Amino acid sequence: MTEKVLKPFTIDFDLITGHSETKNSTKRPLSKMKGMYADDVAFESAVQNDDQLVYEFYELDLPETPGNLLFGTSIVYPGKVGDEYFMTKGHFHTILDTGEVYYCLSGYGAMLMENPEGDWDIQYFSPGKGVYVPPRYAHRSINLGNDPLVTFFTFRADAGHDYGTIETKGYRKLVVERDGKPEIIDNPKWKE
Ligand SMILES: O=P(O)(O)OC[C@H]1O[C@H](O)[C@H](O)[C@@H](O)[C@@H]1O
Ligand SMILES: [Fe+2]
């Protein structure tokens, strides 16, 4: 297959909303997140009720080669399932030893990270904050505020997305609201 010659291009992302006029986003409604939230009863009733859009993101279909970079914006909407904040599914990279960088354009939230060795960390997003996701860390964006959490991200184009590990084992930690404030708790369902 002849390598597609890459040409420079420009794409627009709104500085506040993160939306692009020229690309379609990938959308994740609640119904696409079965098993990701701790409270199954609250999840099922939320899906039956109005199956809210939890997040959407813009990803470019560029060649997934080691020398290339993918970039785009991610928009996580405000909301909760039970007392657990709206969040992305979270993923490891298929090439585990590849990192990612996020830059928050608007909103308030967190990036919850964990590696296979059992280390975990949380970094907080607010406008102007850049967050570094080291290689080997799974990463999940969480909206802790009342407005959309908008971030710009970039990562190695061949990194790939491994959802399977998180879907089967879950995350070690959850971020839930307790007395009106975010609290990091152990995931009661986490499987070693
Ligand atoms: O892949 P998810 O965990 O659903 O997160 C949605 C998207 O947001 C992030 O910003 C990543 O850079 C994307 O590669 C990812 O696909
Ligand atoms: Fe990623």
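Here the residue numbering is sequential within each chain, running from 1 through the sequence in written order. The lettering of chains begins at A and the numbering of ligands begins at 1, in the order of writing. Confidence filtering applies because this is a predicted model: local features only for residues at pLDDT of at least 70, side-chain atom pairs given and counted only at 80 or more, and all residues used for totals across whole chains, interfaces and linings. By convention in this description, side-chain values take in all heavy atoms of the structure and omit both hydrogens and water.

## So, the side chain of Ser-106
On the secondary structure map, Ser-106 appears in strand S7 (residues 100–106). Two N or O atoms count as a polar contact when they lie within 3.5 Å, although within protein this holds only if one can serve as hydrogen donor and the other as acceptor, and sequence-adjacent residues are included solely when both atoms are side-chain atoms. Only 2.6 Å separates the side chain of Ser-106 from the backbone oxygen of Ile-16, close enough to count as a polar contact. We call two residues contacting when some pair of their heavy atoms lies within 4.5 Å. Dropping the residues within four chain positions of it, Ser-106 is found in contact with Ile-16, Pro-127, Pro-148, Leu-149 and Val-150. To qualify as a helix, a DSSP run of H or I must reach at least 4 residues; to qualify as a strand, a run of E must reach at least 2; elements of each kind are numbered from the N terminus.

## As for the coordination of the iron ion (ligand 2)
Tetrahedral coordination by four donors puts the ideal angle at the metal at 109.5 degrees, and octahedral coordination by six puts it at 90 or 180 degrees. Atoms are scored as donors when they are N, O or S and lie within 2.8 Å of the metal, with 3.2 Å used for Na, K and Ca; no water is included, so coordination may look incomplete. Taken together, the protein ligands of the iron ion (ligand 2) are His-91 (NE2), His-93 (NE2), Glu-100 (OE) and His-139 (NE2), with distances of 1.9 to 2.2 Å. Under this scheme a four-donor centre is tetrahedral when all angles range from 85 to 135 degrees, a four-donor centre is square planar and a six-donor centre octahedral when opposite donors are above 155 degrees with the rest from 65 to 115, and any other centre is irregular. In this structure, the iron ion (ligand 2) is coordinated by four donor atoms arranged in irregular fashion, with angles at the metal of 86 to 165°. Taken in sequence order, the residues that donate to the iron ion (ligand 2) follow the motif H-x1-H-x6-E-x38-H. Of the two residues, His-93 sits in strand S6 (residues 92–93) while His-139 sits in strand S11 (residues 138–143), which places them 46 residues apart along the sequence.

## Thoughts on the site of ligand 1
In this text, near means that some heavy atom of the residue lies within 4 Å of the molecule or strand in question. The immediate surroundings of ligand 1 are formed by 14 residues, with Tyr-55, Gly-90, Glu-100, His-161 and Tyr-163 found nearest. A distance of 2.9 Å is found between an oxygen atom of ligand 1 and a backbone nitrogen or oxygen belonging to Gly-90. Residue-level accessible areas treat just the shown protein chains as cover; the underlying method is Shrake-Rupley with a 1.4 Å probe. For ligand 1, whose unbound accessible area comes to 370 Å², protein coverage reaches 99%. Whether a set of points on the 1 Å grid over the protein atoms alone is a cavity depends on a 1.4 Å probe fitting there but being unable to get out, while an open set qualifies as a pocket with protein on both sides within 12 Å along at least five of seven lines; lining residues are those with an atom within 4 Å of a point. Molecule-in-pocket calls rest on the fraction of atoms, with more than half required to lie within 2 Å of the cavity or pocket grid points. If you map ligand 1 onto the pockets, it falls in the largest pocket. Those elements giving two or more residues to the shell around ligand 1 turn out to be strand S2 (53–57), S7 and strand S12 (149–156). For the shell around ligand 1, the per-class residue count stands at six nonpolar, five polar and three charged. Any residue that is not Ala, Val, Leu, Ile, Met, Phe, Trp, Tyr, Cys, Pro, Asp, Glu, Lys or Arg is counted as polar, Gly included; the first ten are nonpolar and the last four charged.

By themselves these figures say nothing about function.
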